[in-house]
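Residues per chain are reported as follows:
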Amino acid sequence: MFDALQERLGAVFGRLTDRGALKESDVAEALREVRVALLEADVSLSVVKDFIARVQEKAVGEEVLRSVTPGQMVIKVVHDHLVEMLGAESVGLNLRANPPVPILIVGLQGSGKTTTAAKIAMRLQERDKKKVYLASLDVYRPAAQEQLRVLGEQAGVPTLPIIAGQMPIDIARRAMQAAKLQGFDIVVLDTAGRLHVDGALMNEVAAIRDAVTPSETLLVADALTGQDAVNVAGEFHKHIGLTGIALTRIDGDGRGGAALSMRAVTGCPIKLLGTGEKLDALEDFHPSRIASRILGMGDIVSLVEKAQETIDADDAARLEKKFLKGQFDLNDMAAQFRQMRRMGGMSGLMALLPGVAKAKKQIAESQLDDRLLRRQEAIIGSMTAKERLDIRVLNGSRRRRIAGGAGVEIQDVNRLLKQYKQISTMMKKVGKLGKKGKGLSPESLRNLIPPQQFPQ
Amino acid sequence: MAEAAKRTWLGRLRQGLSRSADSLSQGITGIFSGRKLDDATLEELEDLLVSADMGVDAARRIVSSIASRRIDGNAAADIRRLLAEDIEAILSPVAIALEIDPARAPFVVLVVGVNGTGKTTTIGKLAHLFISQGLSVSIAAADTFRAAAIDQLKVWGERAGADVFAKDVGADPAGLAFDAWAAAKANKKDVLLIDTAGRLQNKTGLMAELEKIVRVIRKQDSTAPHSVILVLDATTGQNVHSQVELFRQACDVSGLIMTKLDGTARGGVLVAVAERFGLPIHAVGVGEQMGDLRHFDAGAFARALVGAEEPESA
Ligand SMILES: Nc1nc2c(ncn2[C@@H]2O[C@H](COP(=O)(O)OP(=O)(O)OP(=O)(O)O)[C@@H](O)[C@H]2O)c(=O)[nH]1
Ligand SMILES: Nc1nc2c(ncn2[C@@H]2O[C@H](COP(=O)(O)OP(=O)(O)O)[C@@H](O)[C@H]2O)c(=O)[nH]1
Ligand SMILES: [Mg+2]
Ligand SMILES: [Mg+2]
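Computed from a prediction, not measured in an experiment: that's the story for all the values here.

Around ligand 1, the surrounding shell holds 23 residues, and the nearest of these are B:Lys119, B:Thr120, B:Thr121, B:Arg146 and B:Glu288. At the site occupied by ligand 1, the surrounding residues belong to chains A and B. Interatomic distance of 3.5 Å between a side-chain N/O atom of B:Lys125 and an oxygen atom of ligand 1. Protein chains shield 96% of the accessible area of ligand 1, which is 650 Å² for the free molecule. It is helix 5 (residues 119-132) of chain B that contributes the most residues to the shell around ligand 1, four residues altogether.

So, in structure tokens, the structure goes:
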């Protein structure tokens, strides 16, 4: 389904690429596909409608930059608006209050509250050096308090002793009292899962909020949530006033549209992402990462942006001239490696390109990353100027010397030289592209990565 | 009593629906009165289905089949009834209760699914159901991973009156299932329910662990597991497709149960899943209590999905 979607969008954007300007009808056509993409990514319908209307407005007015194709321009507007709506920057937890600072965790049944409570506690204790206390107010789900006790143990965070039969609001008061006496900085209060339409339980949690006045009230929601996301987040926000959202199961293969829905309907920042069952699997929210995921295609725009940032224009021009003449030497190759590294290494670069999930996995598996790029640079760095300009002088003993200098095996040197030969062939192709006056496009950049570096 | 419970459930479903689909329903009512099905109307219908998590493709298919038909009478109500009928026709063939074959004792039911969907609770409910039918039930606590999962299951075992076979945290789930089968056999249990740890379907290592549980159980009884139930959360959106596909690949899912239909989520993805996989839908979960399990009523589900009135006779 995911791939079909990419293709569909790809087809529309492909058509747009060949046209001169960004016309209203083009935008409308592209946005029809974006609408479907968003719905299939589980963005709630009302939010999708609003989104499309606003993007339409923006995109049609927008002038197409000279260096970008109309299709890329639409993607960029869609993406930028997505990021804007998701909240351009990541927002941390607000802990500015008199200690002990309560953090209240709320959400539907099974969304990941207890796990997230323990993750937050562990992070604040380990990373922020806070004295953290955990308490479970879940008296409904069997063994829920025991679950938090065990997780607290795993996290090395103390938990409030369990008193059987005590009501949630009393547990909350007792937790705050105990924390005050024992000098804790932060108290993370885990609550029972509840439906947003369960009046009695929503009142209960509102009463808890009133009793402890939390400085953070976090809605923990499943990233796999569907259309109901607006109802859930909307109702929780209406009843108890949220300050942030934590999305769990980001490690799944869902597209995460709920992030946009919940953000749009509450206006609350998404503060944290749960990326696994283990307690250290907690990350800060990065809008553009989620935006790319929701959109379901590699982030071409940011590739272009990054390329523009990192590739010095003069340098590129000089290189292009050399490609055209077939004069690509090892100095240029070292420069390429440096550039790739600055662009986030190969996996970083590949992550930006659509349709390379498989290659990405292979890269991850082969650990072809930064370290490899640095090693390649080191090998070239151990050569003399003359060697770099003409590899034909590199006999066995020179290669041995270079290997020694770079701290690698002689096979590594040989492999690099082989790659160099293949890359220079590749470069000539890019050179031809350059000749057509297109400059360094994403496609030509993709060609810079020699295919033999992906294990077959 | 069952009738009353059923009405409550339907009532709750519709109540939830009226909360969440209010604006849409009103939109449709406004549009249909005294008018033909124009493009805008069809789009409204598609929107109604999409917002019930049916997915764009399935929603379009269903709406386009309506588009070609003639509608008379009170358009607003009739169109929804028609929609509901079409959806019911898709779901009826898969509304199949879970039958326990006493000849196969212990009849092995493996319960699988993503984290937090309601597997353990559903096992508690199933145990209660089977015991009320006069069957003896044992439960294997093969979720040896999640904190306090074993304690949680033991509480359910007590509530339902079922034996719980458990080992220590971290024990090998396949080995546990193997031994639980032997114990159930020795104790002449009719049913063995196996609870498993929640897992995301894209984690190949964890899916392989499920495969292993199945393999090992088959060493005890080559016909087991006799049922593999995938528990789905109604709140989940289009990811359900991937869940069904990948769990089916790993462990031959034989039926589905959808939980949390007591909320406002309407579980429309089940319609697309029924079309695509044709897997039986055994039951739905409508609450956290032991009795909150209902047989899957295709007609009621379909009507709740589109906000249609219940027929007078029901
Ligand atoms: N409202 C509602 N809540 C449910 C339903 N079924 C289960 N729950 C709740 O959902 C939460 C998770 O249920 P569990 O049975 O522990 O789910 P699980 O799939 O075993 O979870 P893990 O073992 O953690 O993967 C609990 O709080 C249950 O009470 C249902 O039909 N309706
Ligand atoms: N894969 C994954 N599982 C998670 C994540 N967060 C929670 N879980 C799992 O989801 C299930 C329900 O979590 P729990 O914290 O008990 O949810 P609660 O009912 O909301 O308190 C458990 O099996 C957790 O291990 C996450 O980010 N990724
Ligand atoms: Mg919990
Ligand atoms: Mg469980």
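So, next bit.
Here the focus is the site of ligand 2. A:Lys113, A:Thr114, A:Thr115, A:Arg141 and A:Arg249 are the nearest of the 20 residues found near ligand 2. Ligand 2 is flanked by residues contributed from chains A and B. Taking A:Ser111, its main chain carries an N or O atom lying 3.2 Å from an oxygen atom of ligand 2. The side chain of A:Arg141 places a nitrogen or oxygen atom 2.7 Å from an oxygen atom of ligand 2. For ligand 2, whose unbound accessible area comes to 580 Å², protein coverage reaches 97%. For the shell around ligand 2, the element with the highest residue contribution is helix 5 (residues 113-126) of chain A, accounting for four residues. For the shell around ligand 2, the per-class residue count stands at one nonpolar, twelve polar and seven charged.

Turning our eyes to something else, we now look at the pattern of salt bridges. Between side chains of opposite charge, a pair can form when the charged atoms approach closely. Inspection of the entire model under this criterion finds 29 salt bridges over all chains. Between A:Arg149 and A:Glu153 there is a salt bridge; the shortest N-O distance is 2.9 Å. You can see A:Arg149 and its partner A:Glu153 sitting in helix 6 (residues 144-155), four residues apart, about one turn around the helix. B:Glu209 is the salt-bridge partner of B:Arg199, the closest N and O atoms lying 2.9 Å from each other. Pair noted here: B:Arg199 is in the loop between strand 4 (191-196) and helix 8 (204-220) and B:Glu209 is in helix 8, with a separation of ten residues, a long-range link. Given the relative accessible area of 28%, B:Glu209 is considered partly exposed. Where salt bridges share partners, they join A:Arg35, A:Lys49 and B:Asp47 into one cluster.

How each quantity is defined
- Each chain carries its own residue numbering, running from 1 in the written order of its sequence.
- Each chain takes a letter, starting from A, and each ligand takes a number, starting from 1, following the order in which they are written.
- Residues qualify for local features only when their pLDDT is at least 70, as the model is predicted, and side-chain atom pairs are given and counted only at 80 or more; totals for whole chains, interfaces and linings, by contrast, use all residues.
- Computation of side-chain values: all heavy atoms of the structure, hydrogens and water removed.
- In this text, near means that some heavy atom of the residue lies within 4 Å of the molecule or strand in question.
- Polar contact is the term for a pair of N or O atoms within 3.5 Å; when the atoms are in protein, one must be able to donate a hydrogen and the other to accept it, and sequence-neighboring residues count only if both atoms are side-chain atoms.
- Note that accessible areas follow from Shrake-Rupley with a 1.4 Å probe, and for residues the cover is restricted to the protein chains shown.
- For helices the rule is a DSSP run of H or I covering at least 4 residues; for strands it is a run of E covering at least 2, with both sets numbered from the N terminus onward.
- Side-chain classes are defined by residue name, with Ala, Val, Leu, Ile, Met, Phe, Trp, Tyr, Cys and Pro counting as nonpolar, Asp, Glu, Lys and Arg as charged, and the others, Gly among them, as polar.
- Whenever a carboxyl oxygen of Asp or Glu lies within 4 Å of a side-chain nitrogen of Lys or Arg, that contact is scored as a salt bridge.
- Per-residue accessibility, obtained with a 1.4 Å probe over protein chains only, is compared with the maximum for each type, and a residue is labelled buried under 20%, exposed over 50%, and partly exposed between these values.

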